[in-house]
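Per-entry structural report
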Amino acid sequence: MGSFGSRRLIHLLSVAFVLLLGLWGCSNNDDTVGLAIRPDIDDIVVCADTFVLDCENYEIPYISAQADTMVLGEFYSPTYGTTKAELLVQLNAPDDYEFPDESYDPQPDSLVLLMFYDDYFGSPYSPLEVSIYEINKKAINYTERYYSDLNPGDFCDSTILMGKRVMTSIDLSRRNSEAEDSAKVSYVRYKFDQSQASRFFDIVKENPTISSEDFIDNFKGMYITTRYGKSTLIYFNQITMYLYYHYTYQKAGVDTTVSTSIVFPANHEVRQLNHFVHPERNAIVSNIPDSLLYIKSMAGIYPRMTLPLSRIRKRFLEKVDTSRIPNVNAAEIALECIEYDDIDVYMNPPGYLLAIDERQLDDFLKHHTLPESNDIDRVLGTYSPARNSYVFDFTYLLTKRMEMTADQDEDVRFVFVPVEVVYSGTTKVGVMPLVKLGATKVRSGKNGYSPFRLKVLYEGF
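Residues numbered from 1 in each chain as written. Predicted model: local features only at pLDDT ≥ 70, side-chain atom pairs only at ≥ 80, totals over all residues. Heavy atoms only, no water.

The helix and strand inventory of the protein chain stands at 7 helices and 24 strands. Considering only residue pairs separated by 6 or more positions, the protein chain has 80% of its internal contacts joining residues 24 or more positions apart. As displayed, the protein chain has an accessible area near 21100 Å², and 48% of this comes from carbon and sulfur atoms. (Helix = DSSP H or I, 4+ residues; strand = E, 2+ residues; numbered from the N terminus. Contact = heavy atoms within 4.5 Å. Areas by Shrake-Rupley, 256 points an atom, 1.4 Å probe, with all protein chains shown as cover.)

Next up, the structure:
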């Protein structure tokens, strides 16, 4: 077998383009499909192949618990099962707060929690009971990385109920003077009892410049969960506690009362953790037909495929003499979604999937690295409504893998992770596991109508 080094010649683009169109338009999905043009020994040999891929439904154990979106609620789908989302939330100390002089006799009025959101999934009218418990066991460690399968019982024994209320996701949109501006916002509001207001008031009164660490020593945070509703998930983007109080001073000999507030934000200086549970997931996966793969976000069900590098290499060597050097002109994988099933609640397909070498999955969950054009272990795919498919360009990845020596040329398993792309302005700066609910069904490698496959156009010099 010849060397798989980087030496390449410029090929005939027009010929390759015609062949590529022919290959991609072919309806024959048999694993043995191949096209070889064998001109004189000094010319380029161009081959096209289709490889049906082995794949399975993979129950991913977790994703990162840290995310900008905080998810709360429960949703049941007959097809994909139940998804339950809970929150562990720390509040930060007031930022450089100046407390009024004791002579002004400051007094607490009320303590209010506002949980702001701009999106939700499910029914806007189904009631949902929100319960807020105080974290009373160990505190969340700011330097520790947590995952979405964490155990809330490690932090809270659910014996200190701070409050609960019943809500729906549609009737809380209003003009809100407690927000940072007066725009129309959506939120969940809970007013705590007077004992809680007095408690928070005393913490700040005794130490107006209290640090985040000292504040957490006094109040470790909240465990927020739901009951009595399986139709709504709410996506919070901000959670803030407001302590309202008043003080009185004399102005021109007249007592003047001032009402004001102290803000305790749940921001990036403290931790907010998502906890996701899919109680019927194992039963759902065991009943998925061999012809289908399920995609369900929020650490649900992800497709896992084997990229058959050894089979690709073997096929190339069968068609091209071993003295030639391989070059991959094009390699595409498409996960084809099946038509919408109207017996179930419609879920939007996730907008992006990250195909990642399973051995790199844990590192991605920690660092959320954006795929680069020269990556050989991950490829970002986009959902195409026109094709009703997720399309992945494996050209570079496969080219570099084919250049590796034979002992490195092992089959590799890739997991397809639903992700969202993070932007700074118009520039992509990262990808993160999707924490909003999305789901769809795609065809597997055992699908008789259109199996999951890799299409390759390559050449040898």
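Once you've had a look at it, read on.
Attention shifts here to the environment of L128. Residue position: L128 is located in strand β7 (residues 128–134). In this structure L128 comes out as buried when scored by relative accessible area, which is 2%. With 40 residues separating them along the chain, L128 and T168 place their C-alpha atoms 6.1 Å apart. Once residues lying within four places of it in the same chain are set aside, the contact partners of L128 are G73, R165, V166, M167, T226, R227, G229, T232 and I234. (Buried < 20%, exposed > 50% of the residue type's maximum accessible area, 1.4 Å probe, protein only.)

Right, let's talk about the pattern of salt bridges for a bit. Tallying each qualifying case throughout the model produces 19 salt bridges. The shortest N-O distance in the salt bridge between E56 and R304 comes to 2.8 Å. Here E56, found in strand β3 (residues 55–59), pairs with R304, found in strand β16 (residues 301–307); they are 248 residues apart in sequence, far enough to count as distant. Judged by relative accessible area, which is 12%, R304 ranks as buried. (Salt bridge = Lys/Arg side-chain N within 4 Å of Asp/Glu carboxyl O.)

On to the packing of aromatic side chains. A full pass over the atoms with the stated rule returns 27 aromatic pairs. A centroid spacing of 5.9 Å and a plane angle of 65 degrees characterise the contact between Y146 and F155, whose relative ring orientation is edge-to-face. You can call F155 buried: its relative accessible area is 1%. Every member of this aromatic cluster is reached through a ring pair, and the members are Y97, F99, Y104, F201, Y245, Y247 and Y249. For K138, the ring lying beneath its charged end belongs to F155, and the centroid distance is 5.2 Å. Sitting above the plane of the Y142 ring, R271 keeps its charged end 5.5 Å from the centroid. (Phe/Tyr/Trp six-rings, centres within 6.5 Å; stacked < 30°, edge-to-face > 60°. Lys NZ or Arg CZ within 6 Å of the ring centre and 35° of its normal.)

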